[in-house]
Amino acid sequence: MFTIRKATSKDVKKLTEVGKKAFYLPHKDAIPKHIMDVYLKENFNEENILKEINNKNFEYRLLYVDDTLAGFSKIILNQKNENINLENVTKMERLYLVEDFFGKGLGKELFKYNLDFIQKENQKGIWLYVWIKNFRAIDFYKKVGFKKIASYDFPISATETRPNYLLFLEF
């Protein structure tokens, strides 16, 4: 049994823990440890997550299996992209699952939940960046209808980037 709910300030600690684990797993062999450590510290710290939860433009949703945080998503409504010639599109910055919950259809459920939400908000599509070697994620996004429309160099540090695809799903 799973539940999905909106994140609150009380969820910050768990979000930082799950975020670090979920980002680390697909990137651990590609990003040098010292750069990874800085990236995780800067992007998954409690202060930043709390600011985002309190920002009305960000939507965090938590997926629980029983009492365990199995994953979460972060979307930003009305977030334009220079490669998409539409208004009212959503950026999905995170759709993360803890490895113990892979293969159970939970990522698809969390994605569908977000899709329903953004369509009710009159969005015309959803876009995201995904690292070109995150094959598990790419396969998932293709199965739910995303198409590659561009490439993007995702900054990991001041001196490092990783090649990403820009994927888009239009409604």
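The structure under discussion appears in the preceding block.
Caption draft 1: Layout of the overall build of the chain. A count of helices and strands for the chain gives five helices and seven strands. Expected size for 171 residues packed as a compact globule is a radius of gyration near 16 Å; at 15 Å, the chain falls within 12% of this value. C-alpha extents for the chain along the principal axes are approximately 40 × 40 × 30 Å. Counting over 171 residues, the chain shows a buried share of 45%.

Caption draft 2: Structural view of helix α5 (residues 135-143). Those residues of α5 lying buried are Ala137, Ile138 and Tyr141. Each buried residue of α5 lies within a common arc of 100 degrees when the element is viewed along its axis, so the set occupies one face. Residues Phe135, Arg136, Lys142 and Lys143 are exposed on α5 and point more than 90 degrees away from its buried face. In this structure, the buried residues of α5 make contact with β4 (89-97), β5 (125-131) and β7 (161-170). Of the residues flanking the end of α5, it is Gly145, one or two places downstream, whose phi is positive at about 110 degrees.

Caption draft 3: Inspection of empty space enclosed by the protein at higher detail. Inspection of the entire model under this criterion finds one cavity of 30 Å³ or more. Computed from the structure, the largest cavity encloses a volume of approximately 40 Å³. Contributing to the lining of the largest cavity are Lys6, Ala7, Glu52, Ile53, Phe58, Glu59 and Tyr60. For the lining of the largest cavity, the secondary structure elements donating two or more residues are α3 (46-54) and β2 (58-65). The element best represented in the lining of the largest cavity is β2, accounting for three residues. Residues that form the lining of the largest cavity fall into these classes: four nonpolar, no polar and three charged.

Caption draft 4: Main features of the pairing of strand β6 (residues 147-155). In this structure, β6 lies alongside β7, joined through eight bridges in antiparallel fashion. Bridging across to β7, Pro155 finds its partner in Thr161. The turn linking β6 back onto β7 is made up of five residues.

Caption draft 5: View of the packing of aromatic side chains. Taken as a whole, this structure holds 12 aromatic pairs when the rule is applied. Ring centres of Phe72 and Tyr96 lie 5.5 Å apart, and the angle between their planes is 75 degrees; on these two criteria the pair is classed as edge-to-face. Of the two residues, Phe72 is situated in strand β3 (residues 68-76) and Tyr96 in strand β4; the sequence distance between them amounts to 24 residues. Of the two residues, Phe72 and Tyr96, neither departs from the other in class, the shared state being buried. In this structure an aromatic cluster arises from ring pairing among Phe23, Tyr39, Phe44, Tyr60, Phe72, Tyr96 and Phe154. Looking at Arg61, its charged tip hangs above the ring of Phe117, at a distance of 4.8 Å from the centre.

Caption draft 6: View of the side chain of Ser73. Take Ser73: it is sitting in strand β3. For Ser73, a relative accessible area of 0% corresponds to the buried category. A distance of 2.9 Å separates the side chain of Ser73 from the side chain of Asn114, its partner in a polar contact. Sequence-distant contacts of Ser73, defined by excluding residues within four places in its chain, comprise Glu59, Tyr60, Arg61, Arg94, Leu95, Leu110 and Asn114.

Caption draft 7: Up close: the packing of helix α1 (residues 12-27) against helix α2 (residues 33-43). For the pair α1 and α2, the least separation of the axes is 10 Å and the interaxial angle reads 155 degrees. Here α2 runs roughly antiparallel to α1, going by the angle between their axes. Note on packing geometry: the crossing formed by α1 with α2 is right-handed. Contact with α1, carried on its side by Lys20, Phe23, Tyr24 and His27, involves Met36, Tyr39 and Leu40 of α2 and no other residues of that element. Split by residue class, the contact of α1 with α2 holds five nonpolar, one polar and one charged.

Thresholds, definitions, all that
- Residues numbered from 1 in each chain as written.
- Predicted model: local features only at pLDDT ≥ 70, side-chain atom pairs only at ≥ 80, totals over all residues.
- Heavy atoms only, no water.
- Helix = DSSP H or I, 4+ residues; strand = E, 2+ residues; numbered from the N terminus.
- Rg over C-alpha atoms; globule rule 2.2 N^0.38 Å.
- Buried < 20%, exposed > 50% of the residue type's maximum accessible area, 1.4 Å probe, protein only.
- Arc of directions from axis to C-beta.
- Contact = heavy atoms within 4.5 Å.
- 1 Å grid on protein atoms, 1.4 Å probe; cavity = no way out; pocket = protein on both sides within 12 Å on 5 of 7 lines; lining within 4 Å.
- Points joined across faces, edges and corners; volume = space filled by probe spheres on them.
- Nonpolar A, V, L, I, M, F, W, Y, C, P; charged D, E, K, R; others polar.
- Pairing = 2+ DSSP bridges.
- Phe/Tyr/Trp six-rings, centres within 6.5 Å; stacked < 30°, edge-to-face > 60°.
- Lys NZ or Arg CZ within 6 Å of the ring centre and 35° of its normal.
- Polar contact = N/O pair within 3.5 Å; in protein donor to acceptor, adjacent residues only side chain to side chain.
- Axes fitted to C-alpha atoms, helices over the stretch in contact; angles between N-to-C directions.
- Parallel < 35°, antiparallel > 145°, perpendicular 65-115°, else oblique.
- Left-handed = near helix turned anticlockwise from the far one by under 90°.

These figures come from the coordinates and say nothing about function on their own.
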